[in-house]
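Observations on the model geometry
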Amino acid sequence: MDVTLFYKIHYGLVGIILPPEVCPGYAKTRGHRLKYWELSVDVNAYKLSFFSRTIKAWNALSALAAEASTLAMFRSREVTVSWPSISGLALNYVEITVT
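In this report, we go over the structure that sits alongside the text. All figures in this text were calculated on a predicted structure; none of them were measured in a lab.

Criteria and cut-off values
- Residues numbered from 1 in each chain as written.
- Predicted model: local features only at pLDDT ≥ 70, side-chain atom pairs only at ≥ 80, totals over all residues.
- Heavy atoms only, no water.
- Helix = DSSP H or I, 4+ residues; strand = E, 2+ residues; numbered from the N terminus.
- Buried < 20%, exposed > 50% of the residue type's maximum accessible area, 1.4 Å probe, protein only.
- Contact = heavy atoms within 4.5 Å.
- Axes fitted to C-alpha atoms, helices over the stretch in contact; angles between N-to-C directions.
- Parallel < 35°, antiparallel > 145°, perpendicular 65-115°, else oblique.
- Phe/Tyr/Trp six-rings, centres within 6.5 Å; stacked < 30°, edge-to-face > 60°.
- Salt bridge = Lys/Arg side-chain N within 4 Å of Asp/Glu carboxyl O.

In terms of regular secondary structure, the protein is built from five helices and two strands. Secondary structure elements of the protein occur, N-terminal to C-terminal, as α-α-α-α-α-β-β. Among the 99 residues that make up the protein, the fraction classed as buried is 33%. Counting only contacts in the protein whose residues sit at least 6 apart along the sequence, the fraction spanning at least 24 positions is 49%.

And the structure:
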């Protein structure tokens, strides 16, 4: 799943480097402290690209999941996130549970 791959990228578990436009976000009172700025895009092809859609899902994770110290702990957390899908030409979001 994309969020699991993003976890691996964030924690340096795979040899993928974040592109320069993917920047750590600001700390908020809600959610976790590891959020990223959402990319500002107008083209649907880019809206649905890996980083654009996965940052939204990553930012929606609970602190327990995003700040898990191991991949096994991350996978063991049951988390519901909003995931983009295409219905016609509109961009809709569906709920997916990550286990």
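Further notes follow.
Turning our eyes to something else, we now look at the packing of helix 1 (residues 2-10) against helix 3 (residues 50-59). At a minimum axis separation of 9 Å, helix 1 and helix 3 run at an interaxial angle of 90°. By the angle between their axes, helix 1 is roughly perpendicular relative to helix 3. Contacts between helix 1 and helix 3 involve Asp2, Val3, Leu5, Phe6, Tyr7, Ile9 and His10 on the former and, on the latter, Phe50, Phe51, Arg53, Thr54, Ile55, Ala57 and Trp58.

Quick look at the packing of aromatic side chains now. The tally for this structure, following the rule as stated, stands at eight aromatic pairs. Seen from their ring centres, phenylalanine 6 and tyrosine 36 are 5.2 Å apart, and the 90° between their planes marks the pair as edge-to-face. Residue phenylalanine 6 is located in helix 1, and its partner tyrosine 36 is located in the loop between helix 1 and helix 2 (44-47); the two are separated by 30 residues in the primary sequence. We note that phenylalanine 6, like tyrosine 36, is buried. When the ring of phenylalanine 6 is compared with that of tryptophan 58, the centres are 5.2 Å apart and the planes differ by 55°; the resulting orientation is tilted. Within this pair, whereas phenylalanine 6 is found in helix 1, its partner tryptophan 58 is found in helix 3, the two being separated by 52 residues in sequence. For phenylalanine 6, a relative accessible area of 1% translates into the label buried. Its relative accessible area of 0% is what places tryptophan 58 among the buried residues. Within the aromatic cluster, the residues linked to one another by ring pairs are Phe6, Tyr7, Tyr11, Tyr36, Phe50, Phe51, Trp58 and Phe74.

Take the pattern of salt bridges next. A complete count under the given rule lists one salt bridge for this structure. The partner of arginine 53 in a salt bridge is aspartate 2, and the shortest N-O contact between them spans 2.4 Å. Here aspartate 2 lies in helix 1 and arginine 53 lies in helix 3, a separation of 51 residues in the sequence. Assigned by exposure class, arginine 53 and aspartate 2 land together as buried.

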